[in-house]
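Observations on the three-dimensional arrangement
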Amino acid sequence: MDVKRVKDYLYWLYYQYQLVTCSYVLEPWEQSMFHTITVTVVAMVVYTAYVFVPIHVRLALQFFSQILGAQPESTV
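A brief report on the enclosed structure follows. Remember, predicted model here, so these are calculated numbers, not experimental data.

Here is what the cut-offs are and how they apply
Residues numbered from 1 in each chain as written. Predicted model: local features only at pLDDT ≥ 70, side-chain atom pairs only at ≥ 80, totals over all residues. Heavy atoms only, no water. Helix = DSSP H or I, 4+ residues; strand = E, 2+ residues; numbered from the N terminus. Buried < 20%, exposed > 50% of the residue type's maximum accessible area, 1.4 Å probe, protein only. Areas by Shrake-Rupley, 256 points an atom, 1.4 Å probe, with all protein chains shown as cover. Expected span 1.5 Å × (residues − 1). Patch = residues over 30% accessible without salt bridge, like charges linked within 9 Å, V, L, I, M, F, W, Y side chains within 5 Å. Salt bridge = Lys/Arg side-chain N within 4 Å of Asp/Glu carboxyl O. Axes fitted to C-alpha atoms, helices over the stretch in contact; angles between N-to-C directions. Parallel < 35°, antiparallel > 145°, perpendicular 65-115°, else oblique. Contact = heavy atoms within 4.5 Å. Nonpolar A, V, L, I, M, F, W, Y, C, P; charged D, E, K, R; others polar. Bend = angle between axes of the 7 residues up to and from the residue. Phe/Tyr/Trp six-rings, centres within 6.5 Å; stacked < 30°, edge-to-face > 60°.

Considerations on the overall build of the protein chain
- Helices and strands together make up the secondary structure of the protein chain, namely two helices and zero strands.
- Every one of the 76 residues in the protein chain was classed for burial, and the buried ones make up 5%.
- Looking at the protein chain as shown, the accessible area adds up to about 7,200 Å², and 71% of this sits on carbon and sulfur atoms.

Here's what the structure looks like:
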């Protein structure tokens, strides 16, 4: 891929982000605060999903396997 096309695409994505969040109307210092808070919240959501979703999926599978009558695994 051409580097200029990738750069233009990333600029377009950032422009779309600004349009959706209406952050283009903010002052520069307000934009930096808004982007910092947004990135922090997204990072916390991704981390929480990474840590807790597999645990909940495993517990749900165990629960439904017991309901559907599967034999429990041996602990010996």
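Continuing now.
So, helix α1 (residues 3–21)
- Spanning 19 residues, α1 covers 27 Å between terminal C-alpha atoms, matching the ideal 27 Å at 1.5 Å per step.
- In the segment just after α1, C22 is the residue with positive phi, at about 60°.

What to know about a nonpolar patch on the surface
- On the surface, W29, M33, I37, V41, M44 and V45 cluster together into a nonpolar patch covering about 650 Å² of accessible area.
- Taking relative accessible area as the criterion, V45 reaches 54% and is therefore assigned exposed.

Regarding the packing of α1 against helix α2 (residues 28–67)
- It is at 13 Å that the axes of α1 and α2 come closest, and there the two elements cross at 95°. When the axis of α1 is compared with that of α2, the two are roughly perpendicular. Counted together, Y14, Y17, Q18 and T21 of α1 and Q31, F34, H35 and T38 of α2 form the full contact between these two elements.
- Grouping the amino acids of the contact of α1 with α2 by side-chain chemistry returns three nonpolar, five polar and no charged.

Topic: α2
- Given a rise of 1.5 Å per residue, 40 residues ought to cover 58 Å, and the 56 Å separating the end C-alpha atoms of α2 matches this to within 8%.
- At F52, α2 shows its maximal kink, close to 35°; a proline, P54, follows between one and four residues later.
- Just downstream of α2, G69 is the residue with a positive phi angle, here 90°.

Looking at the packing of aromatic side chains
- Here the structure, examined in full by the defined rule, presents three aromatic pairs.
- Taking the centre distance of 6.2 Å and the plane angle of 35° together, the rings of Y14 and Y17 count as tilted. Here Y14 pairs with Y17, and both are found in helix α1, just three residues apart, close to one helical turn.
- Residue Y14 is classed as partly exposed on the basis of its relative accessible area, which comes to 37%.
- For the pair F63 and F64, a centre-to-centre distance of 5.2 Å together with 70° between the ring planes defines the contact as edge-to-face.
- On the basis of relative accessible area, F63 is assigned to the partly exposed category, the value being 47%.
- Take F64: its relative accessible area is 48%, and that puts it in the partly exposed class.

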